[in-house]
Structure formats: C-alpha cells, structure tokens
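So you can see what is in the structure, the chains are spelled out below.
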Amino acid sequence: MVEVTAPLPPAAGPAAAGPIEVPDFEVVPRKGLVLVGVLLGLLVAAIAVNKLWPLEFLHVASGAAWTIIDLFLGLVLGPIMGRMSPPARVEFTTKLMPKMLLIMPTVVTLTLAAGWQLANKLGTVLSSYPNHGWVVASFIVVGVMSVIALGLLEPANIAVLVELKKRRPNPDVIERLMKRFVYSAGILGLMQIATLVIMTKLRTG
Amino acid sequence: MSERRFPPVTELAMLSLALIVAGGIYLSSHIPNHVPLAPAVILLAGSTALLAGNLVALSRVRDFAWDRFFQVAKWSLLGYLVIAGSVEYVFLQNHLKGGPLVVLTLSLVVFAVHVPTLVGFTVARFYEPEPVG
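The sections below set out a description of the structure shown in this document. (Residues numbered from 1 in each chain as written. Chains lettered and ligands numbered in written order. Predicted model: local features only at pLDDT ≥ 70, side-chain atom pairs only at ≥ 80, totals over all residues.)

1. What about the overall build of chain B?
- From N to C terminus, chain B includes 4 helices and 0 strands.
- Reading the helices (α) and strands (β) of chain B from amino to carboxyl end gives α-α-α-α.
- Principal-axis analysis of the C-alpha atoms places the extent of chain B at approximately 65 × 25 × 20 Å.
- When burial is assessed residue by residue, chain B has 38% of its 133 residues classed as buried.
- For chain B, contacts bridging at least 24 residues in sequence account for 86% of all contacts bridging at least 6. (Helix = DSSP H or I, 4+ residues; strand = E, 2+ residues; numbered from the N terminus. Buried ≥ 20, exposed ≤ 12 C-beta atoms within 10 Å, placed from the backbone. Contact = placed C-beta atoms within 7 Å.)

2. Details of helix α3 (residues 86-122) of chain A
- Taking 1.5 Å of rise per residue, the 37 residues of α3 of chain A would be expected to cover 54 Å, and the 50 Å separating its terminal C-alpha atoms lies within 8% of that figure.
- Of all bends in α3 of chain A, the biggest is about 35 degrees, found at Met 100 of chain A. (Expected span 1.5 Å × (residues − 1). Bend = angle between axes of the 7 residues up to and from the residue.)

3. Section: helix α2 (residues 52-83) of chain A
Residues and elements named next belong to chain A.
- Between the first and last C-alpha of α2 there are 45 Å, a value that for 32 residues agrees with the 46 Å anticipated at 1.5 Å per step.
- Roughly 40 degrees is the biggest bend found in α2, and it falls at Leu 77, with proline Pro 79 one to four residues downstream.
- Buried within α2 we find Leu 55, Leu 58, His 59, Ser 62, Gly 63, Trp 66, Thr 67, Asp 70, Leu 71, Leu 73 and Gly 74.
- Residues of α2 that are buried sit in contact with α1 (30-49), α3 and α5 (171-204).

4. Notes on the interface of chain A and chain B
- Residue-level contacts link 34 residues of chain A with 31 residues of chain B.
- For the side of chain A that touches chain B, the secondary structure elements donating two or more residues are α1, α3, α4 (132-165) and α5 of chain A.
- Sorting elements by how many residues they give to the side of chain A that touches chain B places α4 of chain A first, with 15 residues.
- Looking at side-chain class alone, the side of chain A that touches chain B contains 20 nonpolar, 8 polar and 6 charged residues. (Nonpolar A, V, L, I, M, F, W, Y, C, P; charged D, E, K, R; others polar.)

The following block contains the structure:
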C-alpha cells in the first residue's frame, strides 16, 4: 500500500505531533461501478416492464437506504468523526468517502426514478389523489434535499478526496470541506425525518 | 490556506438548481390537469441565466486551476448525464409530451451541466500546485 504524508492542522493538539499517513485509495472505486451499472440496469428493466413488485422493491429498498444512510451519517457518524484524532479521521475518510461517492447518487436515482414510475402506476401522482397535498410535500422535501446534496455535499465529498490524493494534502482544506460535508449530512438527516413522516402517512392513507 | 476571492459560483448554482426544482414541482403537482407553462418557463429561464452567468464569471477568474477543473468536471458530467438520462427515460415511459416534456428536458440539461461545473469549481478553487521535492 502506497502511503503519503500530510502535515497536521495546527489545532490538532498533542496527539498531532507527527505527519498524517494517508492510505492509498481510489477516488472512484472501479469495482463499485460494476454494481452501479447492474443496479441502473435493473431500474431500466423495472420501469420498462412497469410491474408493481420490482418498482415497489426498488423504490422502498433504495429509499430506505437513502434515509438510513443520511440519518446515520448526519446524526451518528458525523459527530463521531468530528471527535476523532486527525490521523484516524483521515483513514476513515479515505475508506468511507469513495464509497459514498457511488452509493448516494445511485440510491437517490433509484428512489426517485422508481418512485415516480410507481406513483404514475398507482395514481398517487394525480392531483385527484386524496392525499395529494402530502405527495406535493414529499416533492418539496426531496427538492430541498437535492439542492443541498448536489450543491454542498457532493462537491465537498469529491473535493476532499481529490485533496487527499495529493502528495501533501492541505489539512486546512480537508477540515473545511469535511465540516461542510458533515453539516450538510446533518441537515439532510434531519430532513429525512420529514420524509419518514410523509411516506408513512401516504402508506397508511 | 490562501483565501482567494472567487465569484459566488456555489450560491448561484444552488439558486439555479432550486429554480428548476421549483419548476419541476409546479408541473408535476398539477398532473394530469392542463397547467399554464409560463411559470415553469420563467423559472427555467432564470435557472439558465444563472448557469450562463456562472460560466461567464468563472471564465474570468485569473490563475484558475482549469486542468483540475476539467479533469473532475468531465467525469462528473458523464455521471450526471447518466442520472439525467434515467430521469428522462421515466418521463418518456410515462408518455410525457409537448411543452412539459420540453421544459423538463431542458431543466435536466441545466442540471446535468451545472452540477459538474459546481463540482469542478469546488475542487479547483482549493487547488494549489504542489511544491517540488
């Protein structure tokens, strides 16, 4: 394993006496791309056949993954990462963030595309649907979450990985981007609670 | 870390995305009723103007790490084209046509261009050439 070193942030404390070791990693895990391709293929097939079970499965499974990951990352892992020592945080980041780079866009695409097709099939997208207000509320929540995820979280995710790939990563840049990532994830985690409320309301009618 | 001043690319990109999201919500919340397209077109035009403004502002930045920007933005563009293509596929499968299809397709184009621009900018703005040795 190739390792590079980075100077520590000045405020890292006594434990931060030496250089940080950055393990070698792939910004985009190539093996994971195969799995992403398979999942997108399943999505296209499910939409093409337009059967209830595959659409429901893809929407519920990927939606649950999206919700749980956001909640867990924003409210559990994020605060833990903030309290980790800089070397531990760097090592954790190099293992977590490349996976997030593939997982999040994939589960979001599966959830939204399968969900839209499902809503068309079930008629819940029609304005005549009794709980239409709740459906529109879900559009708004997902819309706000998308803007935060696409505008803040995803660029920070990629930028921190590119920075860590440098021979001498700048700890200040990493700190700043990680802060942005964790705060965005926290906001998305809280907004996912609204998603849970809306989806359970729609399911029970 | 050097604190260079950059145009507000992130803020404008988020506003641009918010406008097309609002247009999409407006159109989809009225299905299957006929709905005036004007509000969605105005939102799309505003979003496109912000994209154009962002690209112009970015092109005027001196000593910008363009190599790094394009290196990241091109792959990001590929990824977001796949995502936009998936969403477009759903629209077509549901027989969406006419004005709403045009507006939503153009919204996807803005989305697929603006997000990679933002990703490339975020990476390049923090890029500093590594010291030799």
